[in-house]
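Each chain, written out:
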Amino acid sequence: MKTLLWNGDLNQAARDLLSWLLKEGFIKGALVHMALPRYRSFVPALTRDLEAIAQSWPAPPLMAHQMALVVSRMTIRGPVGQSIAVVLRPCEMAALRELVKLRQAHLDGLLTIGLDCPGVISLKVWQKGDRKTLLETFLRRPEELIGYRPSCKMCLHQAGEGFDLVLGSLGFPSGKTALLAFSPRGEEILSRSPGEAGDLLSRTEALDGLRAERQAQREKQLGDLYQRFSGADGLLDFFSSCINCHSCMRVCPICYCRQCFFDSPAFEGSADNYLRRARRKNGLRLPSDMLLFHLGRMNHMSLSCVSCGQCEDACPAGLPIAQLFSLAAQKSQELFNYRPGRSLTDPLPFSVYQEEELKEVEAPYRDIWHP
Ligand code: SF4
Ligand code: SF4
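In this report, we go over the structure that sits alongside the text. Here the structure is a predicted model, which means the values were calculated and not measured.

1. What to know about a positive patch on the surface
Taken together, the side chains of Arg276, Arg279, Arg280 and Lys281 define a basic patch exposed on the protein surface. Assignment of secondary structure puts Lys281 in helix H12 (residues 271-281).

Below, the structure is given as structure tokens:
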């Protein structure tokens, strides 16, 4: 595969690439992150201004906003009419491809540019920590940073799928970033791109090494979680300090329903009803139905969960909710041999019915109904 090396780290190479794409007429604008004053946060912005691109942060140290959700809001009514570049991390791209399959976003018109991802810093660490030092470490010595999201430490998505172009930093000399193409459009751009020829082998080795490290970490983190919180009592214990704010749902790129059933009038019971339930159970925790909300959400979206960690970063109660969802997702996705984001044509498991599947789940119930 042709590999071209651009000068600069990931952010600088992405800024230069976007400016070049604009000047050459490949794109009419770009969706990138901009820093707020004193690096309070990083927010997505749509721009065609070269000055703004030069100040942008295409690979910010945080994921304050999941870019798949931003693209979904922008394209839910139809594709963009002009060519717009969007820079995404691998889990954001996986979520975006799921949203396309769920008819919540369009990819047409977008030039998707992926990034090799070392992870992002947890929002709570960023808000409480010394941002200058954190940013400096993230940019210069990412391997020394200790504030990554727990989901990033066990992420297996470092190199994403389905992009037109990818900017690769793993395995290349410091101060150089590789440009790789993964679609006919990307290849056409690469054939006209400046840059010196690079060696892809070093990236493959670096990715394999990182993936093995993250896989081991994943087994440890999820194994510990499973030990502590499996079963109904374990789940009740896990969610015992949940304040039922539903923030985890609102920031999740996969939870796209406009009206969540758990926020609907169906859950506005009469006082008599509450009293009856309280009498029957000898006491009723309020607000009620907290565990039902989480199990319902998990049931609806765990096949498409991309383990991005956004829900955990948003949780004011500090619950390791993304890790729990990742554990449930791993099990349900393995069951259906489904990997979210892998393909735009793999059918969503819930959208197809096969009579001859999951017999092992069916068997115990068959004995109950047909003894
Ligand atoms: S459940 Fe959490 S980890 Fe999974 S896709 Fe939604 S926000 Fe990301
Ligand atoms: S964000 Fe945290 S506290 Fe709020 S509902 Fe989700 S798990 Fe519970």
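Now that the structure has been shown, we can carry on.
2. Regarding the packing of aromatic side chains
A full pass over the atoms with the stated rule returns twelve aromatic pairs. Both rings, one in Trp6 and one in Trp20, keep their centres 6.1 Å apart while their planes meet at 75 degrees; by these two values the pair is edge-to-face. In this pair, Trp6 sits in strand S1 (residues 4-7) while Trp20 sits in helix H1 (residues 10-23), placing the two residues 14 residues apart along the sequence. Of the residues examined, Trp6 reaches a relative accessible area of 9% and is grouped as buried. For Trp20, a relative accessible area of 14% puts it in the buried group. Relative to Phe239, the ring of Phe238 has its centre 4.8 Å away and its plane inclined at 75 degrees; by these criteria the two rings are edge-to-face. With a relative accessible area of 4%, Phe238 lands in the buried category. Among the aromatic residues, those joined into a ring-pair cluster are Tyr39, Phe42, Trp57 and Trp126. When the ring centre of Phe325 is taken as reference, the NZ or CZ atom of Arg297 above it lies at 4.4 Å.

3. Observations concerning the pattern of salt bridges
Applying the stated criterion to the full structure yields 13 salt bridges. The partner of Lys101 in a salt bridge is Glu98, and the shortest N-O contact between them spans 3.9 Å. Within this pair, Lys101 and its partner Glu98 are both found in helix H4 (residues 90-101), separated by three residues, close to a single helical turn. Judged by relative accessible area, Glu98 falls into the buried class, the value being 0%. The salt bridge partner of Asp116 is Arg203, with a shortest N-O separation of 2.6 Å. Pair noted here: Asp116 is in the loop between strand S5 (110-115) and helix H5 (123-128) and Arg203 is in helix H9 (residues 200-229), with a separation of 87 residues, a long-range link.

4. Details of the environment of Gly114
Here Gly114 shows up in strand S5. Residues Gly114 and Gln104 lie ten residues apart in sequence; the distance between their C-alpha atoms is 20 Å. Sequence-distant contacts of Gly114, that is, excluding residues within four places in its chain, are made with Leu88, Phe163, Leu165, Val166 and Leu167.

5. With respect to the site of ligand 2
The environment of ligand 2 is formed by 13 residues, the closest being Cys242, Cys245, His246, Cys248 and Cys315. Partitioning the shell around ligand 2 into residue classes produces nine nonpolar, four polar and no charged.

The rules behind each value
- Residues numbered from 1 in each chain as written.
- Chains lettered and ligands numbered in written order.
- Predicted model: local features only at pLDDT ≥ 70, side-chain atom pairs only at ≥ 80, totals over all residues.
- Heavy atoms only, no water.
- Patch = residues over 30% accessible without salt bridge, like charges linked within 9 Å, V, L, I, M, F, W, Y side chains within 5 Å.
- Areas by Shrake-Rupley, 256 points an atom, 1.4 Å probe, with all protein chains shown as cover.
- Salt bridge = Lys/Arg side-chain N within 4 Å of Asp/Glu carboxyl O.
- Lys, Arg positive; Asp, Glu negative; His and termini not counted.
- Charge placed at Lys NZ, Arg CZ, Asp CG, Glu CD.
- Helix = DSSP H or I, 4+ residues; strand = E, 2+ residues; numbered from the N terminus.
- Phe/Tyr/Trp six-rings, centres within 6.5 Å; stacked < 30°, edge-to-face > 60°.
- Buried < 20%, exposed > 50% of the residue type's maximum accessible area, 1.4 Å probe, protein only.
- Lys NZ or Arg CZ within 6 Å of the ring centre and 35° of its normal.
- Contact = heavy atoms within 4.5 Å.
- Near = heavy atom within 4 Å.
- Nonpolar A, V, L, I, M, F, W, Y, C, P; charged D, E, K, R; others polar.

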